[in-house]
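Residue strings, one per chain:
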Amino acid sequence: MLPFKLIYSDGYYLPIGAHVFPAQKYQQIHNRLIETGVAEASDFLTPQPASDQDILLVHTPQYVQKLKTGTLAAREEMEMEIPFSPELVRAFWLAAGGSILAAECALKDRIAFNIGGGFHHAFPDHGEGFCMIHDVAVAIRRMQRDDKITRAMTVDCDVHQGNGTAAIFAGTRIPGGPLPSTSASVLNPSAKVRSAHAGDVFTISLHQENNYPPVKPPSSIDVDLPDGIGDDDYLAWLDNAVSCGLRQFEPDLICYIAGADPYREDQLGGLALTIEGLKRRDELVFRVARARNIPVMVTYAGGYALRVEDTVTIHSNTVLAASVLFG
Ligand SMILES: [Zn+2]
């Protein structure tokens, strides 16, 4: 039995038809974890959908109203890049409920997973890039509202920049100086680090610069990686960004967005990490959090490997890494 909880429901399946987003991956990760003996049935908790009140902690009443009444404009649906349906709305409310539960469990057990979520391209007033509702932001705002945390940090390792996260928490940014100079620019002079201090939520995003989203609103720390970067460079950048972040900000919770799409065989990514490198990435984040005694809530975000099994392996390995480090 794992020393932490995995939040999962068959209802995480996104009813989007044939799509580059492998909507079946959640169930496949669940099954893989059981089949390989990494987890057993009792390690899983079933979430309840978030309440509308929870969703409204992040999203605008107008947007929520449009989703609940199926009245998105054609342009808004196009921007979301997944076909609207009431069932899809239910799946996103459930994913947000899963992230709330995962955050609560993480605060008790040091770490917890939502075997889903990580919809970091959702904005308060619109959806984008396969994301309707920003489940991670909803979970953070709910934990703050319940006085369970004051400050959170997002560590977003999806290959695409966390534009929704940056926009949602931009209002809490306070003026500050630049990052302390680091050795990162020596490691790879072509990668760029942009930074701004944060208020109650500090956002870190490591992503491929030449990729969606075309406009990248500033996170607290953005690491704009060049195309084709491999395991060692990536891990050095990650280590650097997280260390910098934790030097200037002490979170009560880390929300790790563990996208599988920095993988070298990803259809929507242009980085070159191996499956082993992605596991080392997970271990790095977990090791830092464990050393500083900061609870971690994990969500999965994207993953578009040519072979869906690889995406499932990468996501399952994240649980495996946690089971070793927190075992
Ligand atoms: Zn992505």
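Let me sum up the structure you'll find in this document. As the structure is a prediction and not an experimental result, all values here were calculated from the model. (Residues numbered from 1 in each chain as written. Predicted model: local features only at pLDDT ≥ 70, side-chain atom pairs only at ≥ 80, totals over all residues. Heavy atoms only, no water.)

**So, the overall build of the protein**
Okay, step 1: Counting its secondary structure elements, the protein contains 11 helices and 9 strands.
Okay, step 2: Each principal axis of the C-alpha atoms in the protein carries an extent, and together these give about 50 × 45 × 40 Å.
Okay, step 3: Counting across all 327 residues of the protein, residues that qualify as buried make up 61%.
Okay, step 4: For the protein, the exposed surface amounts to about 12200 Å²; the carbon and sulfur share of it is 52%.
Okay, step 5: Side-chain charges in the protein split into 27 positive and 39 negative, and the spacing between the mean points of these groups amounts to 4 Å. (Helix = DSSP H or I, 4+ residues; strand = E, 2+ residues; numbered from the N terminus. Buried < 20%, exposed > 50% of the residue type's maximum accessible area, 1.4 Å probe, protein only. Areas by Shrake-Rupley, 256 points an atom, 1.4 Å probe, with all protein chains shown as cover. Lys, Arg positive; Asp, Glu negative; His and termini not counted. Charge placed at Lys NZ, Arg CZ, Asp CG, Glu CD.)

**Here we look at unusual backbone geometry**
Okay, step 1: With an omega dihedral of -5°, the bond running from Tyr-212 to Pro-213 counts as a cis peptide bond.
Okay, step 2: By secondary structure assignment, the location of Pro-213 is in the loop between strand S6 (201–208) and strand S7 (221–225).
Okay, step 3: A positive phi angle, near 60°, is found at Asp-147, a position not held by glycine.
Okay, step 4: According to the relative accessible area criterion, Asp-147 is exposed, its value standing at 70%.

**A closer look at helix H5 (residues 86–109)**
Okay, step 1: In this model H5 runs 34 Å from its N-terminal to its C-terminal C-alpha over 24 residues, within 8% of the 34 Å that 1.5 Å per residue would give.
Okay, step 2: With 17 of 24 residues buried, H5 is to be regarded as a mostly interior element.
Okay, step 3: The first or second residue beyond H5 is Arg-110, which carries a positive phi of 80°. (Expected span 1.5 Å × (residues − 1).)

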